[in-house]
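# Survey of secondary and tertiary structure
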Amino acid sequence: MFAIPLTARDGETAELRPLEPWRAEEFLAHMDRGRDFVGQFISFADRAADLASARALLQSYADRQAADGGRIYGIWLDGTLVGGVLFVSLDAAGGTCEVGCWLEPAAVGRGLVTQSVTVLVDWAVRVRGVHRVEWVVASGNTPSVNVAQRLGMRRDGVLRESYEHRGVRHDMEVWSVLAPEWRELRDGSQSTG
């Protein structure tokens, strides 16, 4: 197992780690704390309603990882699971992937999602050779749109009322960054200090 340290504000300890099925109880407790907030736009809150369904959700990502089609990671703040990031899909042979995130209210505003997604995108581009990384977000999910912007992604377009969640149809924005753009953003920012 690995843990990647993240820079948290106020001297807190934060880490990015794999979120595996054996952590289902911890994942469910996290969902219970943030269910209303997370569930505004993300189906995890509804899909992880009890221990069995939380375990099944995490197992589905373990299966995707085994098939090289997706992955899921948790964000821990001072030892407590507070959110996560994931490859919703990963097609290294086709050169594309979609990344996403979720966070409970206690961890909002600390920069943990942006740092964590940066780790995922960097790995996808530099290690797996992915050419196009996508971020699909409900137009009303302003914090998630802001993450896409901070990552240097460009908005490709809006899929009008393409996603139904909790009985409401949402416009979905598609954001992306291409491998050459990502390398320029990352390498250029590192060379300027």
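I will try to describe carefully the structure that is included in this document.

Cut-offs applied
Residues numbered from 1 in each chain as written. Predicted model: local features only at pLDDT ≥ 70, side-chain atom pairs only at ≥ 80, totals over all residues. Heavy atoms only, no water. Helix = DSSP H or I, 4+ residues; strand = E, 2+ residues; numbered from the N terminus. Rg over C-alpha atoms; globule rule 2.2 N^0.38 Å. Contact = heavy atoms within 4.5 Å. Core = buried A, V, L, I, M, F, W, Y, C linked by side-chain atoms within 4.5 Å. Buried < 20%, exposed > 50% of the residue type's maximum accessible area, 1.4 Å probe, protein only.

## Observations concerning the overall build of the protein chain
Regarding its fold elements, the protein chain presents 6 helices and 8 strands. For the protein chain, the α and β elements follow one another from N to C terminus as β-β-α-α-α-β-β-β-α-β-α-β-β-α. Its C-alpha radius of gyration of 16 Å places the protein chain within 12% of the 16 Å reference for a compact globule of 193 residues. Look at the contacts in the protein chain between residues 6 or more apart in sequence, and 59% of them connect residues 24 or more apart.

## Points about the nonpolar core
By size, the foremost hydrophobic cluster in this structure holds 36 residues, and its most contacted members are Val99, Val133, Trp135 and Met153. The element that contributes the greatest number of residues to this core is helix 4 (residues 112–126), accounting for 7 residues. Excluding residues that lie within four positions of it along the chain, methionine 153 makes contacts with Val99, Val133, Trp135, Ala148, Trp175, Ser176 and Val177. Core analysis: the second largest hydrophobic core is formed by 18 residues, Ala45, Leu81, Leu86 and Trp102 among them.

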